[in-house]
Amino acid sequence: IVGDDLGMLIGRRGETLRDLEYIVRLMLAAKHKSAKVVVDVEGYRVRRERVLRELAKRMAERVAASRQPITLEAMPPNERRIVHLALRDHPTVTTNSIGEGEHRRVMILHK
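Report follows, based on the coordinates.

Conventions used here
- Residues numbered from 1 in each chain as written.
- Predicted model: local features only at pLDDT ≥ 70, side-chain atom pairs only at ≥ 80, totals over all residues.
- Heavy atoms only, no water.
- Patch = residues over 30% accessible without salt bridge, like charges linked within 9 Å, V, L, I, M, F, W, Y side chains within 5 Å.
- Areas by Shrake-Rupley, 256 points an atom, 1.4 Å probe, with all protein chains shown as cover.
- Salt bridge = Lys/Arg side-chain N within 4 Å of Asp/Glu carboxyl O.
- Helix = DSSP H or I, 4+ residues; strand = E, 2+ residues; numbered from the N terminus.
- Pairing = 2+ DSSP bridges.
- Contact = heavy atoms within 4.5 Å.
- Axes fitted to C-alpha atoms, helices over the stretch in contact; angles between N-to-C directions.
- Buried < 20%, exposed > 50% of the residue type's maximum accessible area, 1.4 Å probe, protein only.
- Arc of directions from axis to C-beta.

**Digging into a nonpolar patch on the surface**
Part 1 of the reasoning: Together, Tyr 22, Ile 23, Leu 26 and Met 27 make up a nonpolar patch on the protein surface, roughly 450 Å² of accessible area in all.
Part 2 of the reasoning: Here Leu 26 lies in helix α2 (residues 15-29).

Right, dumping it as C-alpha cells:
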C-alpha cells in the first residue's frame, strides 16, 4: 500500500497492519485456500526487520560485555523469529523465547 499519511494503517508496532493482513487472508480463504497474503504499507516490514536486526546485534554486544541476560519487549512470533535468526550464529550469545501468548519475549543470554 502506497500513499500519504498511512501511519494509521500500520498502527502501534504494526498491530493494525497485522490485523489488516489477517482480514484480507480470511476474505481470500473462501476461494483460494492456499493463498499466501502479505500486506505492507510504505515498506514498513523491511524497515522493521532492519530495526530488529540492529537491536538484536546491539543487545548481543551488551550481553557479551556484561555477561548479564537481557530480555527484549514482547513481540509477535514473526518479529521474535527475526531476532533469533539475527543472532543464531553469534559466537558469544544465544537466544530463548520466554513467556506466554502476547507477552512472549526474546531473552538474549551469554553462552
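**A few points about the sheet that holds strand β3 (residues 105-110)**
Part 1 of the reasoning: Taken in spatial order, the three strands line up as β1-β3-β2 in an open sheet, and their pairing is antiparallel. Bordering the open sheet on either side are β1 (70-71) and β2 (93-98), each of which pairs with just one other strand.
Part 2 of the reasoning: Each of β1, β2 and β3 is contacted by helix α3 (residues 44-66), which is oriented at about 40° to β3, the strand it contacts most.
Part 3 of the reasoning: Contacts between helix α4 (residues 77-87) and the sheet are confined to β2 and β3, with β2 contributing the most and set at about 160° to the helix.

**Things to note about the pairing of β2**
Put simply, side chains in a regular strand alternate between the two faces of the sheet.
Part 1 of the reasoning: Of the two faces of β2, the one lined by Val 93, Thr 95 and Ser 97 is fully buried and the one lined by Thr 94, Asn 96 and Ile 98 carries no buried residue.
Part 2 of the reasoning: Where β2 meets β3, six bridges bridge the pair, whose relative direction is antiparallel. Counted as the bridge partner of Val 93 is His 110 from β3.
Part 3 of the reasoning: Counting the residues between successive antiparallel strands, the hairpin from β2 to β3 contains six residues, one of them, Gly 99, with a positive phi of roughly 95°.

**Regarding α4**
Part 1 of the reasoning: All of the buried residues in α4 are Glu 79, Arg 80, Ile 82, Val 83, Ala 86 and Leu 87. Down the axis of α4, the smallest arc covering the buried residues is 155°, so these residues share one side. In this structure, α4 carries Pro 77 and Arg 81 as exposed residues pointing more than 90 degrees from its buried face.
Part 2 of the reasoning: Tucked inside the fold, the buried residues of α4 contact α3, β2 and β3.

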